[in-house]
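# Report on the structure
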Amino acid sequence: MTRLIDENELYDLAEIFKVFGDSTRIRILFALFDEEKSVNEIAKQLNMTDSAVSHQLKILKQSKLVKAKRIGKQIYYSLADQHVKTIIAMGREHIEE
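Residues numbered from 1 in each chain as written. Predicted model: local features only at pLDDT ≥ 70, side-chain atom pairs only at ≥ 80, totals over all residues. Heavy atoms only, no water.

The next point concerns the pairing of strand β3 (residues 74-79). The pairing of strand β1 (residues 37-38) with β3 spans 2 bridges and is antiparallel. Opposite serine 38, over in β3, you have tyrosine 76 as the bridge partner. Where strand β2 (residues 66-71) lies against β3, 6 bridges are found, and the strand directions are antiparallel. In the strand pairing of β3, alanine 68 is matched with tyrosine 77. The loop that links β2 with its antiparallel partner β3 comprises 2 residues; one of these, glycine 72, has a positive phi angle of about 65°. (Pairing = 2+ DSSP bridges. Helix = DSSP H or I, 4+ residues; strand = E, 2+ residues; numbered from the N terminus.)

Further remarks concern the side chain of arginine 25. Along the chain, arginine 25 turns up in helix α2 (residues 23-31). Buried and unpaired, arginine 25 has aspartate 22 as its nearest opposite-charge partner, separated by 4.1 Å. With near-sequence residues (within four places) excluded, arginine 25 lies in contact with Lys18, Val19, Gln56, Ile59 and Leu60. (Buried < 20%, exposed > 50% of the residue type's maximum accessible area, 1.4 Å probe, protein only. Lys, Arg positive; Asp, Glu negative; His and termini not counted. Salt bridge = Lys/Arg side-chain N within 4 Å of Asp/Glu carboxyl O. Contact = heavy atoms within 4.5 Å.)

Ile28, Leu29, Leu32, Val53, Leu57 and Leu60 are the most contacted members of the largest nonpolar core, which totals 20 residues. Excluding residues within four positions of it along the chain, leucine 57 makes contact with Ile28, Leu32, Val39, Ile42, Val66 and Tyr77. (Core = buried A, V, L, I, M, F, W, Y, C linked by side-chain atoms within 4.5 Å.)

Under the defined criterion, the tally for this structure stands at 1 aromatic pair. Here lysine 85 stacks its cationic end above the ring of phenylalanine 33, 5.2 Å away from the centre of that ring. (Phe/Tyr/Trp six-rings, centres within 6.5 Å; stacked < 30°, edge-to-face > 60°. Lys NZ or Arg CZ within 6 Å of the ring centre and 35° of its normal.)

The subject of this paragraph is the layout of surface pockets. Estimates place the volume of the largest pocket at around 180 Å³. Around the largest pocket sit Phe17, Phe20, Ile26, Phe30, Ile87, Ile88, Gly91, Arg92 and Ile95, which together line it. Elements represented by at least two residues in the lining of the largest pocket include exactly α1 (7-20), α2 and α5 (82-96). Sort the elements by how many residues they give to the lining of the largest pocket and α5 lands first, with 5 residues. Here the lining of the largest pocket is composed, by residue class, of 7 nonpolar, 1 polar and 1 charged. (1 Å grid on protein atoms, 1.4 Å probe; cavity = no way out; pocket = protein on both sides within 12 Å on 5 of 7 lines; lining within 4 Å. Points joined across faces, edges and corners; volume = space filled by probe spheres on them. Nonpolar A, V, L, I, M, F, W, Y, C, P; charged D, E, K, R; others polar.)

Printed below as a string of structure tokens:
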């Protein structure tokens, strides 16, 4: 028998999927798939402005999908954990079927 899901869990799950619902954020997650990068590196790779990348990274960080690490004056971003990679990989696998 499947356990009933708490309303708060359902809300949190829906919020995570909303974050994944933006192609710009997905592009940023893909940019971070194999290595950490600075805002400037992500912006150059994706042909975006630093400001636009920073805005999306803030949302991704609030959703606990990315984490930040400061080295000197520079902040580097990476995927929060293996779960994020798994979600992306499973999504790709699903659409490629």
